Amino acid sequence: MLSSHRTVLRVALPVPLPRLFDYLPPHGASVGPDWVGRRVRVPFGRTEQIGVVLSMGATEVDPETLKPVLAVLDDQPLLGPELLETLHFCARYYHAPLGEVMATALPVGLR
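For clarity, every value in this text was computed on a predicted model and none was experimentally measured. (Residues numbered from 1 in each chain as written. Predicted model: local features only at pLDDT ≥ 70, side-chain atom pairs only at ≥ 80, totals over all residues. Heavy atoms only, no water.)

Participant: Go over the packing of aromatic side chains, please, and point to the residues and values.
Facilitator: The tally for this structure, following the rule as stated, stands at three aromatic pairs. With a centroid separation of 5.2 Å and an interplanar angle of 85°, the aromatic rings of F21 and F44 are classed as edge-to-face. With F21 in strand β2 (residues 21-23) and F44 in strand β3 (residues 39-44), this residue pair connects regions lying 23 residues apart in the sequence. Seen from their ring centres, F89 and Y93 are 5.6 Å apart, and the 25° between their planes marks the pair as stacked. (Phe/Tyr/Trp six-rings, centres within 6.5 Å; stacked < 30°, edge-to-face > 60°. Helix = DSSP H or I, 4+ residues; strand = E, 2+ residues; numbered from the N terminus.)

Listed below in structure tokens is the structure:
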């Protein structure tokens with residue numbers, strides 16, 4: 001397992017921006033590769049968004065400036081490796097923001 005105090009989660013959010021957003025794992029959570037493909041609820045500006053964890057790793061900014069994930073909504077990944085790869089391809093092919101592509105892959109009730 002990766003250490004949660006050094007690891008950030010890279011989350012795709014359904015916003016018209018072509019990037020991922022870094023968040024700290026929830027306090028006390030132990031993150032690992034099985035987090036990729038799970039939905040999380042995160043603070044975004046003055047609102048909250050539901051996004052999909054796409055990767056984990058070190059951040060390029062000071063971790064003290066990052067906000068933690070508010071809630072992990074899934075016990076297991078909803079989106080598997082093959083589907084994630086296909087959605088990455090679709091985002092590149094159609095020049096669409098990855099977070100919006102991920103959101104359209106989920107049923108409306110899970111967004």
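The discussion continues.
Participant: Give a description of the environment of V101 that names residues and reports values.
Facilitator: Topologically, V101 is positioned in helix α2 (residues 98-104). Taking the relative accessible area as the measure of exposure, V101 reaches 11% and is therefore buried. V101 sits 10 residues away from R111 along the chain, and the two C-alpha atoms are 12 Å apart. Ignoring any residue separated from it by four or fewer positions in sequence, one finds V101 in contact with L87, C90, A91 and A96. (Buried < 20%, exposed > 50% of the residue type's maximum accessible area, 1.4 Å probe, protein only. Contact = heavy atoms within 4.5 Å.)

Participant: Tell me what's going on with the side chain of D74, and back it up with residues and numbers.
Facilitator: Residue placement: D74 occurs in the loop between β5 (71-72) and α1 (81-94). For D74, a relative accessible area of 8% puts it in the buried group. A polar contact is formed between the side chain of D74 and the backbone nitrogen of R39, at a distance of 2.7 Å. Setting aside anything within four residues of it in sequence, one finds D74 in contact with R38 and R39. (Polar contact = N/O pair within 3.5 Å; in protein donor to acceptor, adjacent residues only side chain to side chain.)

Participant: Residue-level account of a nonpolar patch on the surface, with values.
Facilitator: The grouping of F89, Y93 and Y94 at the surface amounts to a nonpolar patch, some 400 Å² of accessible area in total. Tracing the backbone through its elements, the reader meets F89 in helix α1. (Patch = residues over 30% accessible without salt bridge, like charges linked within 9 Å, V, L, I, M, F, W, Y side chains within 5 Å. Areas by Shrake-Rupley, 256 points an atom, 1.4 Å probe, with all protein chains shown as cover. Salt bridge = Lys/Arg side-chain N within 4 Å of Asp/Glu carboxyl O.)

Participant: Which residues make up the nonpolar core, and what are the values?
Facilitator: Ranked by internal contacts, the top residues of the largest apolar core, which has 14 residues, are L9, V11, L13, Y23 and W35. Elements represented by at least two residues in this core include exactly β1 (8-12), β2, β3 and β4 (47-57). Residues in contact with L9, not counting those within four places in the same chain, are F21, D22, Y23, P25, V31, W35, V53, S55, M56 and V69. Formed by 11 residues, the second largest nonpolar core is a distinct cluster that contains V52, L54, L87 and M102. (Core = buried A, V, L, I, M, F, W, Y, C linked by side-chain atoms within 4.5 Å.)

Take it as geometry only, folks, not as evidence of what the structure does.
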